[in-house]
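Structural features, examined
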Amino acid sequence: MKIEKKRSSKIQSKLIKYIWICLIPLIILFSIAIVRLYGFYQQYDLLVRNITSANEYNMSFKESMDEMMYKIIIGSANWTNASEKLENEDPKALIAEARVHFENLRNKTTEDNVRADLTALIKLMGILDERVDDILINVEEGGHYDENIEMLDMNIRTLTSLIQEDIQKYIYDEAQNMEMLRRQVANSILITIRFMILGLIIILVVIYFLSRRLSHRITEPITELVNVTERFAGGDFTVSCELDSNDEMENLADSFNSMVKEIENLIEDIHKEQEIAKDAELRLLQEQINPHFLYNTLDAIVWAAEAGENQKAIQIIKELSSFFRISLSKGESQITIKNEREHVKNYLEIQRYRYQDILDYEIDINDDILDYHIQKLTLQPIVENALYHGIKNKRGGGRIRVEGYLDENNDKEIVFKIIDNGIGMEEEDLDKLRRIISGNIVMDDQAGFGMANVEKRIEMMYGSEYGIKVDSKYQEGTTVTVRIPAL
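What this report covers is the structure whose coordinates are included nearby. In this text the structure is predicted, and so the values were computed from the model without any measurement.

When helices and strands are counted, the chain shows twelve helices and seven strands. Buried positions account for 40% of the 487 residues belonging to the chain. A sequence separation of at least 24 residues applies to 70% of the contacts in the chain between residues at least 6 apart. For the chain, the computed accessible surface area is about 28,100 Å², with 52% contributed by carbon and sulfur atoms.

Printed below as a string of structure tokens:
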């Protein structure tokens, strides 16, 4: 009896020893994993809160500021009488609040690109504050209504639009940082899984010598979990591990399932936010149509009608109708090259009625590319730039030629060339335009706005390897080359 008791005690002691040898590494491993995941959670929570708070300003700041300043100018909000001022109609307070908010975000961030976004945004807030002061001084002096309205249109609304774009860029960069964080989490999980597999293998070897039955009860759930984690590591985020072992392995499987689900939801949310932001910015850029073109065309129709040139007025109306029909395109962002060619032709025909003594044009787009697709409003802004900044500044007749063809060295790319014999540009002006188009400097007037718009849309849709190239010589003319994929 004593011998059996002694053996039983020895076995029990060894079993407890082996159990602790197996459990201690697992406990350490899980603690490290929890600490790392908690750290990642804190970073993710901060990013989400930053994006959420910035998005509130993205949705309301421009509208509130524009409306508030308009009310002050027209007298709807009594700015000059301190006792009648409303708390929610103080533009200075709104700017100060937003500025403090984004300064706090800048102080907290550790990412250089995000800090740069916020610095630019805060700088714009300062400029907006100065422009608001100009209008408020005029309002307090009395009069200046027309001047204030012009300042509202040219300064305040332009600045609030730029601020809104910078907020969107900040949100986009923070979303990119969130994607980088997701990759870090994935890498950390992969490393943790490797250590878990190593520890589990050691445990299996030890348990095998203790008992076949114990080995069977442990290895079966472990094998299942390993298979699921390998699928997860391979990129399958729909995996699920269902165990009914009523021990720590079941808890581990449940935690793993919760983690996989949370990561899957996080990735899906990031992708949705990126797509929504990209689509919203793309559509915003495409709808920036110059209203002066419409006003001038309507004036031309009136002049033709008053002069008794009814057929000419009818033709202009037809061209204008076709122009805007293609511009709208039932809300589609892409149209065929054939329609884009028609769009450019409509525009040039309308302009030739106005500038018939200085404007001639030629469109030579190969028939074999007409069924390919292109973003609408790609060529027309460049042609418009050639007319207003090239042909009009040259004395005498001017000519614009539009070419389109498949690249002879790469039939998967389409090349367009817009060539004018206008005034051209000196090297300094050409370099400035190129930097405006590439986004390296902020434009100080409308010159280059249309082409910068086109360049940004092409890069967003197709990638940085496609876009616009400008070549020009003073007194000789300008050539703009557009390169897009053949889709």
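After presenting the structure, the write-up continues.
As a further point, take the side chain of Ser322. Here Ser322 shows up in helix 8 (residues 310-328). Leaving out residues up to four positions away in the same chain, Ser322 has contacts with Glu342 and Asn346.

The next subject is the environment of Asn187. Relative to the helices and strands, Asn187 is located in helix 4 (residues 145-210). When its relative accessible area of 48% is taken as the criterion, Asn187 is described as partly exposed. When the C-alpha atoms of Asn187 and Ala233 are compared, they prove to be 9.1 Å apart, with 46 residues separating the residues in sequence.

Now for the pattern of salt bridges. Applying the stated rule across the entire model yields 23 salt bridges. Between Lys71 and Glu67 there is a salt bridge; the shortest N-O distance is 3.3 Å. With a gap of four residues between them, Lys71 and Glu67 both fall in helix 1 (residues 2-74), about one helical turn apart. Look at Lys71 and you get partly exposed, because its relative accessible area is 25%.

Let us look at the packing of helix 2 (residues 91-108) against helix 3 (residues 112-141). In contact at an axis separation of 10 Å, helix 2 and helix 3 are set at 165° when each is read in the N-to-C sense. Judged on the interaxial angle alone, helix 3 and helix 2 are roughly antiparallel. The handedness of the crossing between helix 2 and helix 3 is left-handed. For the pair helix 2 and helix 3, the contacting residues are Pro91, Lys92, Ile95, Ala98, Arg99, Phe102, Glu103, Leu105 and Arg106 in the first and Arg115, Leu118, Thr119, Leu121, Ile122, Met125, Gly126, Leu128, Asp129, Val132, Asp133 and Leu136 in the second.

The next subject is a nonpolar patch on the surface. Together, Trp20, Ile24, Ile27, Ile28 and Ile32 make up an exposed nonpolar region whose accessible area comes to about 490 Å². Relative to the elements of secondary structure, Ile27 occurs in helix 1.

With respect to the helices, strands and loops of the structure, Leu124 is situated in helix 3. Residues Leu124 and Thr160, spaced 36 residues apart in sequence, show a C-alpha to C-alpha distance of 8.6 Å. Among residues more than four places away in sequence, those in contact with Leu124 are Leu159, Leu162, Ile163 and Asp166.

Once that is clear, we can look at unusual backbone geometry. With a phi angle near 60°, Leu377 is a residue other than glycine that sits in the positive phi range. Here Leu377 lies in the loop between strand 3 (373-375) and helix 10 (380-391). In this model, Gln475 sits at a positive phi of 70°, which is unusual for a non-glycine residue. Mapped onto the fold, Gln475 is located in the loop between strand 6 (467-473) and strand 7 (477-485).

Residues Glu140, Glu141, Asp146, Glu147 and Glu150 make up a contiguous surface patch of negative charge. Looking at the negative patch, the elements that each hand over two or more residues are helix 3 and helix 4. Of all the elements, helix 4 adds the most residues to the negative patch, at three residues. Tracing the backbone shows Glu147 in helix 4.

Now for helix 11 (residues 427-438). Between its terminal C-alpha atoms helix 11 stretches 16 Å, which fits the 16 Å expected from twelve residues at 1.5 Å a residue. Buried within helix 11 we find Leu430, Leu433, Ile436 and Ile437. Down the axis of helix 11, the sector holding all buried residues measures 120°, keeping them to one side. Facing away from the buried side of helix 11, by more than 90 degrees, are the exposed residues Glu427 and Glu428. Where helix 11 is buried, its residues meet helix 12 (449-462) and strand 6.

Moving on to the nonpolar core. Membership of the largest hydrophobic core comes to 49 residues, with the highest contact counts inside it found for Ile400, Phe416, Ile418, Ile468, Val470 and Val482. With sequence-adjacent residues up to four places away left out, Val482 is seen in contact with Thr378, Ile382, Ile414, Val415, Phe416, Ile418, Ile458, Gly467 and Ile468. In this structure, Leu47, Leu121, Ile122 and Val139 belong to the second largest nonpolar core, which totals 38 residues.

Moving on, we get to the packing of aromatic side chains. Counting across every chain of the model gives four aromatic pairs. Plain terms: the ring middles of Phe323 and Phe324 are 5.2 Å apart, the flat faces sit at 85° to each other, and that makes the pair edge-to-face. Aromatic pair Tyr355 and Tyr388: ring centres 6.5 Å apart, planes at 85°, arrangement edge-to-face. A residue pair is termed long-range when its members are at least 10 positions apart, and Tyr355 in the loop between helix 9 (337-354) and strand 2 (359-365) and Tyr388 in helix 10 qualify at 33 residues.

Rules and cut-offs
Residues numbered from 1 in each chain as written. Predicted model: local features only at pLDDT ≥ 70, side-chain atom pairs only at ≥ 80, totals over all residues. Heavy atoms only, no water. Helix = DSSP H or I, 4+ residues; strand = E, 2+ residues; numbered from the N terminus. Buried < 20%, exposed > 50% of the residue type's maximum accessible area, 1.4 Å probe, protein only. Contact = heavy atoms within 4.5 Å. Areas by Shrake-Rupley, 256 points an atom, 1.4 Å probe, with all protein chains shown as cover. Salt bridge = Lys/Arg side-chain N within 4 Å of Asp/Glu carboxyl O. Axes fitted to C-alpha atoms, helices over the stretch in contact; angles between N-to-C directions. Parallel < 35°, antiparallel > 145°, perpendicular 65-115°, else oblique. Left-handed = near helix turned anticlockwise from the far one by under 90°. Patch = residues over 30% accessible without salt bridge, like charges linked within 9 Å, V, L, I, M, F, W, Y side chains within 5 Å. Lys, Arg positive; Asp, Glu negative; His and termini not counted. Charge placed at Lys NZ, Arg CZ, Asp CG, Glu CD. Expected span 1.5 Å × (residues − 1). Arc of directions from axis to C-beta. Core = buried A, V, L, I, M, F, W, Y, C linked by side-chain atoms within 4.5 Å. Phe/Tyr/Trp six-rings, centres within 6.5 Å; stacked < 30°, edge-to-face > 60°.

Nothing here speaks to function; it is geometry throughout.
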